[in-house]
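Here is how the chains run, residue by residue.
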Number of protein chains: 2
Amino acid sequence: MNAKNVIADVLKEKGRIKQVYWVACGGSLIDLYPAHFMLNAESETVESGWYTSKEFLVLPPKKLSKDSLVVACSHSGNTKETVEAAVLAKERGAAVITLTDKAGSACDRPDFISWVYPWGEGVSVSETPGCISLALASELLAAQEGFAKEDKVADAISKMDEIIKGAVAKVNSGMTQEFAEKYGEEPFFYILGSGAAFSQTYGFSICSLMEMQWKNCAYLHSGEYFHGPFECTENGVFYFLQKSAGKCRVMDQRAEDFLKTHTDKLMVLDALELGMDKINPEVVDYFNPILFYAMNCEFREALAKKHNHPVDTRRYMGIVAY
Amino acid sequence: MNAKNVIADVLKEKGRIKQVYWVACGGSLIDLYPAHFMLNAESETVESGWYTSKEFLVLPPKKLSKDSLVVACSHSGNTKETVEAAVLAKERGAAVITLTDKAGSACDRPDFISWVYPWGEGVSVSETPGCISLALASELLAAQEGFAKEDKVADAISKMDEIIKGAVAKVNSGMTQEFAEKYGEEPFFYILGSGAAFSQTYGFSICSLMEMQWKNCAYLHSGEYFHGPFECTENGVFYFLQKSAGKCRVMDQRAEDFLKTHTDKLMVLDALELGMDKINPEVVDYFNPILFYAMNCEFREALAKKHNHPVDTRRYMGIVAY
C-alpha cells in the first residue's frame, strides 16, 4: 500500500479531515507518536489526538465523527481494546485505517482500510508503522492544506535504513556491550529523552526493559527533568539519555550537562553521532524515534545475551489470564 | 478573579477560540492536565494541547495564532521557559492567561491576563490552578458552544474542599502511616493511575516522591500496564494504585485485579472510598486528580516525618546552577 493513495481514498470519501486520532496500546501506540507530534507542530488545520485504546473507548472525544480519521495499530491485529476502538470510530462515522502485521486478524477486515505491514529481519523501516504513520500524516497535510516539507519527509524515510545500518554497527562496537556489562545489574534504569523521541524513551522503558528484560525503570522527559526528577540524581544512579538531533536537542543537552557532573553512571546515545545529520534539519525532529527504536533493539539484545534472557521471554503476556 | 468573566473578556477580544494550549513545567503542568483532558472529551469545536514549556517554545504548533488561547502556569511566576512561552504566544497574537502564586512576578504583567492565586493552609482548592483551569475550560465551552455540564463542573468544584477534608482524615487513620512505615524504604515505587488522574500519577512520582523525598520511582498508566510493564510485577515489588471514580475506573480495576494476585506489596487509594461518589458521574473523571493531589500531599508528609526529610528539602532546585 501507499500513503498517498490511502489518503486520497480517505479524502475522496470524506472531503476533509478535521481530526486525526492515533489509537493503540504499548509498542504500537509508541510507533504512532511521531506522526501525532508532527501534525501538532506542522498542521494549520488538522487537530491530532493520541490515545491508549481503552481510554479512547471509555471517554471518546466528542468530536469523533465523520470528520475524523482514526489510525489504529495492533501488531497482532487482535488487541481487544484497539479493535473495539476501531469499531467505535467506524460507528461514529470516522474513516478508519488499521495497521497490523497479521493478515486475516480482527484489524484486517473490509470496513476498515487495513494496511498489513511486514516485520522482521530485512524489512525496511519505511514499511513499518513508525514510518507509515509519518507518511500518512505528511500526505494528509500535503493533500489538504499543502505541506512544504512533504518531500523532505519522504527523503528522510528513504534514508533511514542506511542510517540505521551504520548506527547499529557503531553502537555494537562497544556501547551496547558497555550497557550490558557495566550497567546490566542496575536495580533500576532512568531513561531520558524529549520531543517526538520521548515515545522511544517510553518504549525503551516499557517494551525493551520492562517487558522483554524484566528490568525496573522509569522514563523521564529531558525538559521536565529539572522540574522535580533531578533531585534523585546522585552518584550510583544510572541514567540513559537519548539525545535527539533537531530543535528538541537543547533539552537533552541541558539534561546531559547536569547529569555529567551529578552522577557517575551515565550513557548518552547521540543521534547526531549516529548519522542523523543526514536528515534535513526541518524534519529531523520527527525521525529521531525511528533511529532510537532500532537502537533500543540492539541495547536490549545485548542485555538479553548477558543475562541469558531472550527478548521474547514472557511470564504473563499471552500466558496467564488478565 | 472569576473564570466566567475572564473567558468573556477573552471572547470579547478574540471572537472565537479555536485552540487552547496549556503550557507549564512540572507540578504546574500537572495541574493543567485535567482541563486539557476535559476539553478533549467534551468539546465539539475546540482543540486542546498540553505542553511542557520548553517543548512548546522550540517547536510551537503552527496553529498558534490570534485564534488561540494559551494558559501558562508558573507557581513562582518566574519559570524561565514558561515566561518565554507566554511571550511567544503573545507575539503570535494569542490570548494569554497566566496563573501564578506570585504577584509582581514575570508572569504577572499587563499584557497577560494574569490570575494571581492564593496558596497554602486554609486556601480552598477552588482557588488553585487545578480547579481554575477546569473552570476556564468549562466556561469557554459554555460561552462558545454551550456546555450541558457547566453546572455540574461548578457543583463539583464547590464540593471538593469538603470531600478532601474527609479524605485527609480517612487516609491519615492508618493508610499514610502504613505507606511510610511498611514501604518507606522500598528501593523504588511504581505509581499507577489513568484518565485525567494520570497527571497526579505522574505528579506523585516526580513532585512528591522524586523532588520532595528523593525516592526513585516510575509512573505507569493503568491501561498501558498490560502492554509491557506488568512483566516486572512480582512479589517484593511495590505498587501504589490511584483508583479513579468514573469511566476510567475499569482500567484501574483491571490493574488492581492483576496486582492483587501478582505482588505482595500493593496499596490502593480508591477515590470512591474517599468521597468521590458525591460528585456527579458525568464529570467525576475530571475531578479525581483534584482529590489525588491532596492525597499525595498527605502520603509524602508521612514519608517526610518517617525519614526526617521535610518536603521542602532540596539539593539542586534553586540551589545549584542548571
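Treat the numbers as computed from the prediction; the structure is a model and nothing was measured.

### Description of the overall build of chain A
Moving on, step 1. Scanning chain A for helices and strands turns up ten helices and nine strands.
Moving on, step 2. The globule rule puts the C-alpha radius of gyration for 322 residues at 20 Å, and the 20 Å found for chain A is close to it.
Moving on, step 3. On the principal axes, the C-alpha backbone points of chain A span a range of 55 × 45 × 40 Å.
Moving on, step 4. Among the 322 residues that make up chain A, the fraction classed as buried is 65%.
Moving on, step 5. Restricting the contact set of chain A to residue pairs at least 6 apart, pairs at least 24 apart contribute 75%.
Moving on, step 6. Here chain A has roughly 11,300 Å² of accessible surface; of this, 51% comes from carbon and sulfur atoms.
Moving on, step 7. Distance between charge centres in chain A, computed from 33 positive and 43 negative side chains, equals 3 Å.

### A word on the pairing of strand E8 (residues 239-243) of chain B
Residues and elements named next belong to chain B.
Moving on, step 1. Burial analysis of E8 places five of its five residues in the buried class, which makes it a mostly covered element.
Moving on, step 2. In E8, alternate side chains face the same way, and those of Tyr-239, Leu-241 and Lys-243 on one face and Phe-240 and Gln-242 on the other are all buried.
Moving on, step 3. Note: strand E6 (residues 189-193) against E8, three bridges, orientation parallel. Paired with Ile-191 across the bridge in E8 is Phe-240.
Moving on, step 4. Relative to strand E9 (residues 266-270), E8 runs parallel, the two sharing five bridges. Following the sheet pairing, Lys-243 is matched in E9 by Asp-270.

### Considerations on the nonpolar core
Moving on, step 1. Ranked by internal contacts, the top residues of the largest apolar core, which has 207 residues, are Phe287(A), Leu291(A), Phe287(B) and Leu291(B).
Moving on, step 2. Setting aside its immediate chain neighbours within four residues, Phe287(B) contacts Leu134(B), Val153(B), Ala156(B), Ile157(B), Met160(B) and Met276(B).

### Observations concerning the pattern of salt bridges
Moving on, step 1. The tally for this structure, following the rule as stated, stands at 44 salt bridges over all chains.
Moving on, step 2. One salt bridge in this structure joins Glu234(A) and Arg315(B), with 2.7 Å as the shortest N-O distance. Placement of the pair is Glu234(A) in the loop between strand E7 (217-221) and strand E8 (239-243) and Arg315(B) in the segment after helix H10 (284-307), with the two residues belonging to separate chains.
Moving on, step 3. Note on Glu234(A): relative accessible area 36%, which makes it partly exposed.
Moving on, step 4. For Asp270(A), the salt bridge identified is with Arg249(A), shortest N-O distance 2.9 Å. Taken together, the positions of Asp270(A) in strand E9 (residues 266-270) and Arg249(A) in helix H9 (residues 249-262) put the pair 21 residues apart, joining distant regions of the chain. With respect to class, Asp270(A) is no different from Arg249(A); both count as buried.
Moving on, step 5. Because the salt bridges share partners, they merge into one network encompassing Lys243(A), Arg249(A), Glu256(A), Lys260(A) and Asp270(A).

### What to know about the domain arrangement of chain A
Residue and element names in this part refer to chain A.
Moving on, step 1. Split by domain assignment, chain A resolves into domain 1 (3-147) and domain 2 (166-307).
Moving on, step 2. Look at where the C-alpha atoms of domain 1 and domain 2 centre, and you get two points 27 Å apart.
Moving on, step 3. At the junction of the two partners, domain 1 supplies 15 residues and domain 2 supplies 15 residues.
Moving on, step 4. Of the roughly 1,200 Å² buried between domain 1 and domain 2 on both sides combined, carbon and sulfur atoms contribute 80%.
Moving on, step 5. Inspection of the domain 1/domain 2 interface yields zero salt bridges.
Moving on, step 6. Of all the secondary structure elements, the ones that give two or more residues to the side of domain 1 that touches domain 2 are helix H2 (26-42) and helix H5 (129-145).
Moving on, step 7. Counting residues per element, the side of domain 1 that touches domain 2 draws most heavily on H2, which supplies ten residues.
Moving on, step 8. Residue composition of the side of domain 1 that touches domain 2, by class: ten nonpolar, three polar and two charged.

### Brief notes about the relation of the copies chain B and chain A
A rotation about an axis combined with a shift along that same axis relates the two copies of the chain.
Moving on, step 1. For these two chains of identical sequence, chain B goes onto chain A by a turn of 180° and a shift of 0.0 Å along the axis, with RMSD 0.0 Å. Here the copies are linked by what is in effect a two-fold axis. In terms of C-alpha distance to the rotation axis, chain B has Ala218(B) as its closest residue, with the C-alpha 2.3 Å off the axis.
Moving on, step 2. A symmetric contact is evident, with 100% of the interface residues of chain B recurring at the interface of chain A.

### What to know about the sheet that holds strand E7 (residues 217-221) of chain B
Residues and elements named next belong to chain B.
Moving on, step 1. Pairing is parallel in the open sheet, where four strands are placed in the order E7-E6-E8-E9. One side of each edge strand has no neighbouring strand; the edge strands of this open sheet are E7 and E9. Neighbouring strand axes in the sheet, compared pairwise and without regard to direction, differ in orientation by 20° on average.

### A closer look at the interface of chain B and chain A
Moving on, step 1. Each side of the interface is counted separately: chain B has 70 residues, and chain A has 70 residues.
Moving on, step 2. Both sides together, the interface formed by chain B and chain A hides about 6,000 Å², and carbon and sulfur atoms give 57% of it.
Moving on, step 3. For the interface between chain B and chain A, the tally reads six salt bridges.
Moving on, step 4. Looking at the side of chain B that touches chain A, the elements with two or more residues in it are helix H2 (26-42), strand E2 (47-52), helix H3 (53-58), helix H8 (198-213), E7, helix H9 (249-262) and H10 of chain B.
Moving on, step 5. Counting residues per element, the side of chain B that touches chain A draws most heavily on H2(B), which supplies six residues.
Moving on, step 6. Residues of the side of chain B that touches chain A, tallied by class, amount to 37 nonpolar, 15 polar and 18 charged.

### Let's talk about the environment of Tyr322(B)
Moving on, step 1. Tracing the chain through its elements places Tyr322(B) in the segment after H10.
Moving on, step 2. A distance of 3.1 Å separates a polar atom in the side chain of Tyr322(B) from the backbone nitrogen of Gly318(B).

### Here we look at the side chain of Ser199(A)
Residue and element names in this part refer to chain A.
Moving on, step 1. Relative to the helices and strands, Ser-199 is located in helix H8 (residues 198-213).
Moving on, step 2. Take Ser-199: its relative accessible area is 2%, and that puts it in the buried class.
Moving on, step 3. Ignoring any residue separated from it by four or fewer positions in sequence, one finds Ser-199 in contact with Ile-30, Tyr-33, Pro-34 and Pro-289.

### Regarding the state of the cysteines
Here a disulfide denotes one covalent bond, and it connects the sulfur atoms of two cysteines.
Residues and elements named next belong to chain A.
Moving on, step 1. What the rule picks out here adds up to zero disulfides over all chains.
Moving on, step 2. No disulfide involves Cys-207; its sulfur sits 9.6 Å from that of Cys-297, the nearest cysteine.
Moving on, step 3. Owing to a relative accessible area of 11%, Cys-207 belongs among the buried residues under this scheme.

### Some words on H8(B)
All names here are of chain B.
Moving on, step 1. At Phe-204, H8 shows its largest kink, close to 30°.
Moving on, step 2. Of all 16 residues in H8, 16 are buried; the element is thus mostly enclosed.
Moving on, step 3. Trp-214, located one to two residues past H8, shows a positive phi value of around 55°.

### Overview of the environment of Asp155(B)
Residues and elements named next belong to chain B.
Moving on, step 1. Among the structural elements, Asp-155 can be located in helix H6 (residues 150-171).
Moving on, step 2. When its relative accessible area of 33% is taken as the criterion, Asp-155 is described as partly exposed.
Moving on, step 3. When the C-alpha positions of Asp-155 and Tyr-33 are compared, they lie 20 Å apart, and in sequence the two are 122 residues distant.
Moving on, step 4. Reaching out from Asp-155, the side chain makes a polar contact with the side chain of Lys-159 at a distance of 2.8 Å.

### Things to note about the packing of aromatic side chains
Moving on, step 1. In this structure the tally under the stated criterion is 70 aromatic pairs over all chains.
Moving on, step 2. When the centroid spacing of 6.1 Å and the interplanar angle of 50° are considered together, the rings of Phe198(A) and Tyr219(A) count as tilted. Pair noted here: Phe198(A) is in helix H8 and Tyr219(A) is in strand E7, with a separation of 21 residues, a long-range link. When sorted by exposure, Phe198(A) lands in the same class as Tyr219(A), which is buried.
Moving on, step 3. Between Phe179(B) and Phe240(B) the ring centres are 5.6 Å apart and the planes differ by 70°, which places this aromatic pair in the edge-to-face class. Of the two residues, Phe179(B) is situated in helix H7 (residues 175-183) and Phe240(B) in strand E8; the sequence distance between them amounts to 61 residues. The pair formed by Phe179(B) and Phe240(B) is uniform in burial state, with each residue classed as buried.

So, how was this worked out
- Residues numbered from 1 in each chain as written.
- Chains lettered and ligands numbered in written order.
- Predicted model: local features only at pLDDT ≥ 70, side-chain atom pairs only at ≥ 80, totals over all residues.
- Heavy atoms only, no water.
- Helix = DSSP H or I, 4+ residues; strand = E, 2+ residues; numbered from the N terminus.
- Rg over C-alpha atoms; globule rule 2.2 N^0.38 Å.
- Buried < 20%, exposed > 50% of the residue type's maximum accessible area, 1.4 Å probe, protein only.
- Contact = heavy atoms within 4.5 Å.
- Areas by Shrake-Rupley, 256 points an atom, 1.4 Å probe, with all protein chains shown as cover.
- Lys, Arg positive; Asp, Glu negative; His and termini not counted.
- Charge placed at Lys NZ, Arg CZ, Asp CG, Glu CD.
- Pairing = 2+ DSSP bridges.
- Core = buried A, V, L, I, M, F, W, Y, C linked by side-chain atoms within 4.5 Å.
- Salt bridge = Lys/Arg side-chain N within 4 Å of Asp/Glu carboxyl O.
- Domains from an automatic or database assignment.
- Buried area = accessible area lost by both parts, 1.4 Å probe.
- Nonpolar A, V, L, I, M, F, W, Y, C, P; charged D, E, K, R; others polar.
- Least-squares fit on C-alpha atoms with pLDDT ≥ 70 in both.
- Axes fitted to C-alpha atoms, helices over the stretch in contact; angles between N-to-C directions.
- Polar contact = N/O pair within 3.5 Å; in protein donor to acceptor, adjacent residues only side chain to side chain.
- Disulfide = S-S within 2.5 Å.
- Bend = angle between axes of the 7 residues up to and from the residue.
- Phe/Tyr/Trp six-rings, centres within 6.5 Å; stacked < 30°, edge-to-face > 60°.

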